[in-house]
Amino acid sequence: MTAPEITIATPADRPAVVDTLVAAFVKDPILRHLFPDEETYPRYAAAFFGNLFDKRVHRSSIWTTGGGASVAIWEPPVETPAAGHETPAEARYPADVQARVQGYDDALHAALPAFPFWYLGVLGTHPDNAGRGWGRAVMRAGLDRAAADGLPAILETSKPANVELYRRAGWEVLGFLSEPVPTWIMQQPPR
């Protein structure tokens, strides 16, 4: 099946993007480490992804397809390593949740390279649309942008099966975090 048109997200896309990501990451090891409680996961994950969306939507670095059915949230290069999972102030997480989010964020930042790069912070497809190649299509839009800038791309994944999927798409393992969640840091060199 051919992917629908890939577009740069606008603020109007926020509800669909957040809904897609909450559904796509329900079994993700990192998100479940951050938000392990079944009852609060939807609310905390929605605040988390909504915050990431809000911070990046005005940078024209969120690509989507299928009305938000597949989403790639990219962080453009910055002077210091790109932020991965900032804590949304509006979430008002309890202290234990806040500690997990901050702990993961600190560990991730320490593992990211010091050179400029485009950072693929989130790549997700709603489970109803999985297997159509839409995730790869929205990822490619950000990779094209990184290539136009002559910069590498960086991502992290906590799913061992994703490592091979990303390798087939041209990514290489750059590093590994064992704590607080086993996580692979991967790079795609500039094209």
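Quick summary incoming for the structure in this document. (Residues numbered from 1 in each chain as written. Predicted model: local features only at pLDDT ≥ 70, side-chain atom pairs only at ≥ 80, totals over all residues. Heavy atoms only, no water.)

**As for empty space enclosed by the protein**
Step number 1: Enumeration over the complete set of coordinates arrives at 1 cavity of 30 Å³ or more.
Step number 2: Within this model, the largest cavity holds a volume of roughly 40 Å³.
Step number 3: Considering the residues around the largest cavity, the lining is formed by L143, A146, A147, L151, A153, Q188, P189 and R191.
Step number 4: With 3 residues, the single largest contributor to the lining of the largest cavity is helix α5 (residues 134–149). (1 Å grid on protein atoms, 1.4 Å probe; cavity = no way out; pocket = protein on both sides within 12 Å on 5 of 7 lines; lining within 4 Å. Points joined across faces, edges and corners; volume = space filled by probe spheres on them. Helix = DSSP H or I, 4+ residues; strand = E, 2+ residues; numbered from the N terminus.)

**Observations regarding the sheet that holds strand β2 (residues 62–65)**
Step number 1: Pairing within the open sheet is mixed, and its 7 strands lie in the order β1-β2-β3-β4-β5-β7-β6. The sheet terminates laterally at β1 (6–8) and β6 (172–177), the two strands that pair on one side only. Across this sheet, the average inter-strand angle for adjacent strands is 25 degrees, counted without regard to direction.
Step number 2: As defined by bridge partners, β1 adjoins β2 across 3 bridges and the pair is classed as antiparallel. The residue bridging I6 from the neighbouring strand is T65, located in β2. (Pairing = 2+ DSSP bridges. Axes fitted to C-alpha atoms, helices over the stretch in contact; angles between N-to-C directions.)

**Regarding the pairing of β2**
Step number 1: Side-chain alternation along β2 places I62 and T64 on one buried face and W63 and T65 on a second face that is also buried.
Step number 2: Here β2 runs beside strand β3 (residues 70–75); their pairing, made up of 4 bridges, is antiparallel. Bridge assignment links T65 to a residue of β3, and that residue is S70.
Step number 3: Remark: 4 residues form the turn of the hairpin made by β2 and β3, two consecutive strands paired antiparallel; G66 in that turn has positive phi of roughly 65 degrees. (Buried < 20%, exposed > 50% of the residue type's maximum accessible area, 1.4 Å probe, protein only.)

**Re the nonpolar core**
Step number 1: By size, the foremost hydrophobic cluster in this structure holds 34 residues, and its most contacted members are L21, L31, F35, F48, F49 and Y93.
Step number 2: Elements represented by at least two residues in this core include exactly α1 (14–24), α2 (29–34), α3 (41–56), β3, α4 (95–111) and β4 (118–125).
Step number 3: Tallying contributions element by element places α3 first for this core, with 8 residues.
Step number 4: Excluding residues that lie within four positions of it along the chain, L21 makes contacts with Y41, F49, V71, I73, V122 and G124. (Core = buried A, V, L, I, M, F, W, Y, C linked by side-chain atoms within 4.5 Å. Contact = heavy atoms within 4.5 Å.)

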